[in-house]
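Fold and geometry: a report
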Amino acid sequence: MGVHKIYLKNVEMSWKRYFTAVKTFQDVPSFTAATEVYNTCRMHEAYASWHKEKGTLIRERNKHGNDCLHVFRIQDFNKAYEGRSFNKDLSKGSRQMIQKYRMNNPTKFFSLGNSNRYNSSLELRDFVEFCHFGPERRMLDYQLDFNMRKLILCILNTKNSDVDIFHCLLLLIYENMGHFMFNTSLESLSALGNKEAFNMILALLETSDIMYRSVYNVLRTGDYDLLKKNQDFLYSIIRRYVIQTTNSPKQSLTKLLQNLDMSTEQIITSFIDFFQESIEPVSLTLTWALYHLARYPEIQEEFRRKIRKTVSFPIHKSCFLKGGDKDLLYFHNGEIVDYFNKILVETFRLNYPTIGLKKVLSTSQNIGGYLIPANTLVTTQNQLVGRMAEYFPDPLKFDPERDINYHTLILMPFGFGQTCAASWLAKRQMLAALVRMISSFEISYHYNEIGSINKLYNHPEQIIYLTLKETQI
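Described in the following lines is the structure provided in the data block. Keep in mind the model is a prediction, meaning the values are calculated, not measured.

The next subject is unusual backbone geometry. Even without being a glycine, E187 presents a positive backbone phi close to 60°. Its location among the elements puts E187 in the loop between α7 (165-182) and α8 (195-215). We note that N375 has phi near 70°; this positive angle belongs to a residue other than glycine. Along the polypeptide, N375 turns up in the loop between β8 (370-372) and β9 (377-380).

This part is about the sheet that holds strand β1 (residues 23-24). Here we have 3 strands laid out as an open sheet, ordered β1-β8-β7, and mixed in their pairing. Strands with a single pairing partner mark the edges of an open sheet, and in this sheet they are β1 and β7 (365-367). In this sheet, β8 lies alongside β1 in parallel orientation, the contact comprising 2 bridges. Across the sheet, residue K23 finds its bridge partner in β8, namely Y370.

Glancing now at helix α9 (residues 223-246). For α9, which comprises 24 residues, the first-to-last C-alpha distance of 34 Å matches the rise-based estimate of 34 Å (1.5 Å per residue) to within 8%. Of all the residues in α9, the buried ones are D223, Y224, L227, N230, Q231, L234, Y235, I237, I238, Y241, V242 and T245. Here the buried face of α9 lies against α4 (96-103), α7, α8, α10 (253-259) and α11 (264-276).

A surface patch of nonpolar side chains, about 300 Å² in accessible area, is lined by Y447, I463 and Y465. The residue Y465 is located in strand β13 (residues 465-470) in this model.

Let us look at the packing of aromatic side chains. A full pass over the atoms with the stated rule returns 17 aromatic pairs. Between the aromatic rings of Y47 and W50, the centroid separation amounts to 5.4 Å while the plane-to-plane angle is 80°, which identifies the pairing as edge-to-face. Separated by 3 residues within a single helix, Y47 and W50 lie in helix α2 (residues 43-54), roughly one turn from each other. The exposure class assigned to W50 is buried, which follows from its relative accessible area of 2%. Grouped by ring-pair contacts, the aromatic residues W288, Y291, Y445 and Y447 constitute a single cluster. Note that K306 overlies the ring of Y339, its terminal NZ or CZ placed 5.2 Å from the centroid. A cation over a ring is seen here: R349 above F392, with NZ or CZ 5.1 Å from the ring centre.

Each pair of packed helices can be summarised by the angle the axes make with each other and by the distance between the axes. Remark: helix α12 (residues 279-295) packs on helix α13 (residues 297-308), axes separated minimally by 5 Å, with the N-to-C direction vectors making an angle of 105°. Relative to α13, the element α12 lies roughly perpendicular. Packed against α12, whose contacting residues are L293, A294 and R295, the element α13 presents P297, I299 and Q300 at the interface. Residues belonging to the contact of α12 with α13 are distributed by class as follows: 4 nonpolar, 1 polar and 1 charged.

Turning our attention to the sheet that holds β9. In space, the 5 strands of this open sheet follow the order β2-β3-β4-β9-β6, with mixed pairing throughout. Every interior strand has two partners, whereas the edge strands, β2 (30-32) and β6 (357-360), have only one. Within this sheet the neighbouring strands show an average axis-to-axis angle of 25°, counted without direction. As paired strands, β2 and strand β3 (residues 57-61) are joined by 3 bridges and run parallel to one another. By the bridge assignment, T32 is partnered in β3 with R61. In the packing of α2 onto the sheet, contacts are made with β2, β3 and β4 (68-71), and the angle to β2 comes to roughly 145°.

In this section: the nonpolar core. Ranked by internal contacts, the top residues of the largest apolar core, which has 127 residues, are F275 and F303. Apart from residues lying up to four places away in sequence, F275 is in contact with Y174, M177, M181, F182, L186, L204 and I238.

On to the environment of S190. Its place among the elements puts S190 in the loop between α7 and α8. Separated by 19 residues in the primary sequence, S190 and L171 have C-alpha atoms spaced 9.7 Å apart. In terms of polar contacts, S190 uses its side chain to reach the side chain of E187, at 2.7 Å.

This part covers α7. For α7, with 18 residues, the first-to-last C-alpha span of 26 Å sits near the 26 Å given by 1.5 Å per residue. When you tally the buried positions in α7, you get 17 out of 18 residues, the bulk of the element. Where α7 terminates, the next one or two residues include N183, which has phi positive at roughly 55°.

The next point concerns the pairing of β4. By the alternation rule, side chains of β4 split into C68 and H70 and L69 and V71, which are all buried. The pairing of β3 with β4 spans 4 bridges and is classified as antiparallel. Residue pairing for β4: R59 is matched across the bridge by L69. Sheet analysis places β4 next to β9, joined by 4 bridges and oriented parallel.

What counts and what doesn't
Residues numbered from 1 in each chain as written. Predicted model: local features only at pLDDT ≥ 70, side-chain atom pairs only at ≥ 80, totals over all residues. Heavy atoms only, no water. Helix = DSSP H or I, 4+ residues; strand = E, 2+ residues; numbered from the N terminus. Pairing = 2+ DSSP bridges. Expected span 1.5 Å × (residues − 1). Buried < 20%, exposed > 50% of the residue type's maximum accessible area, 1.4 Å probe, protein only. Contact = heavy atoms within 4.5 Å. Patch = residues over 30% accessible without salt bridge, like charges linked within 9 Å, V, L, I, M, F, W, Y side chains within 5 Å. Areas by Shrake-Rupley, 256 points an atom, 1.4 Å probe, with all protein chains shown as cover. Salt bridge = Lys/Arg side-chain N within 4 Å of Asp/Glu carboxyl O. Phe/Tyr/Trp six-rings, centres within 6.5 Å; stacked < 30°, edge-to-face > 60°. Lys NZ or Arg CZ within 6 Å of the ring centre and 35° of its normal. Axes fitted to C-alpha atoms, helices over the stretch in contact; angles between N-to-C directions. Parallel < 35°, antiparallel > 145°, perpendicular 65-115°, else oblique. Nonpolar A, V, L, I, M, F, W, Y, C, P; charged D, E, K, R; others polar. Core = buried A, V, L, I, M, F, W, Y, C linked by side-chain atoms within 4.5 Å. Polar contact = N/O pair within 3.5 Å; in protein donor to acceptor, adjacent residues only side chain to side chain.

These values are about where atoms sit, not about what they do.
Quick look at the structure:
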């Protein structure tokens, strides 16, 4: 009997130690809401100063009472994302303006937006993933490569050695998405663009800026009217392409979705969301990757050497657009794809697409010794952690050979759990772009180092001009 008493006493003491060790959310070191003190384009600097002063967990006090937890430690990333701890029924704050606009235009749209609660269509996700594995992928590979060759010819014909690379890549990804959705050219690469393509891209970028401002409650006078103007324009152009595609004899993603009994409104809604959430972040990731390769010519040359071993592209402009199956071998070459993935991972580490991931806890969680209640907004500080010396030796050096697991919780650019349905498409576009650019040009950068500013997707703080010198492979 005495043994049982001792055992129960030990259990009781262990539970007491556990509960006394866990503090409450209100005990977490705190700061006033960052937007009340800092420029929203420099939020990462505010968070960095908080981390330096207060530690690895920060409670951001919000005047509206919705305090947010900021997480700066990998171990706490793991805890925060453990199991199904995040409520997938809450929509993204950045989409609240879009939802308001769509609620005011109920006859145009199938849903309020591409968020977890108001998903435009599960069928779209399933079908996009089907295209990854189906016979359509080979034709898509050819088109992605062809569009990249068209962009290179446009760059060569401009005869400018210094190129605003982000501008060029926006036009490229826009053209790629047109082929993927409608199986038609959007003519964005005709002499580096046309008026409609420019206006579509401008509407997408302005919408992103308004969505970002809505997150931090710093909307400007006239923002909703500007968003309405841009969304009306996006709707009119995408609706026109959907109707044209319906009447075309060519097969396309539009027609295949119609065969799944998706309505025109469903398809238009899904495609607007697809454009909004793909063109800008893919273009930015490619911009950063090329910027780093330009600053590290030895890495660029190593990638070029691996490409040379597999593919010999034509060097004469007259036959540059006459690619064949052999020109697509790089899509399936293990050595090229492996090195590309390393370049991509290192790019994400140094230039994470956003500040981090924002999720809402569906259950209470013990994070870093604090009991965080359900319905708390948690932000993992991926942008800052990727540059921390405690996790990455010589953290500011671009080193694709760095030992990083792509799926580590630091690097989740395509989300966590139900990830981006078209992440494979994004990576395929980036593979085609990097292989063709490195094959065609010696790329260099001759200006000051460029940092990031925070928007819906992190942007360079100034235009990145790359010097492109034609090479021969």
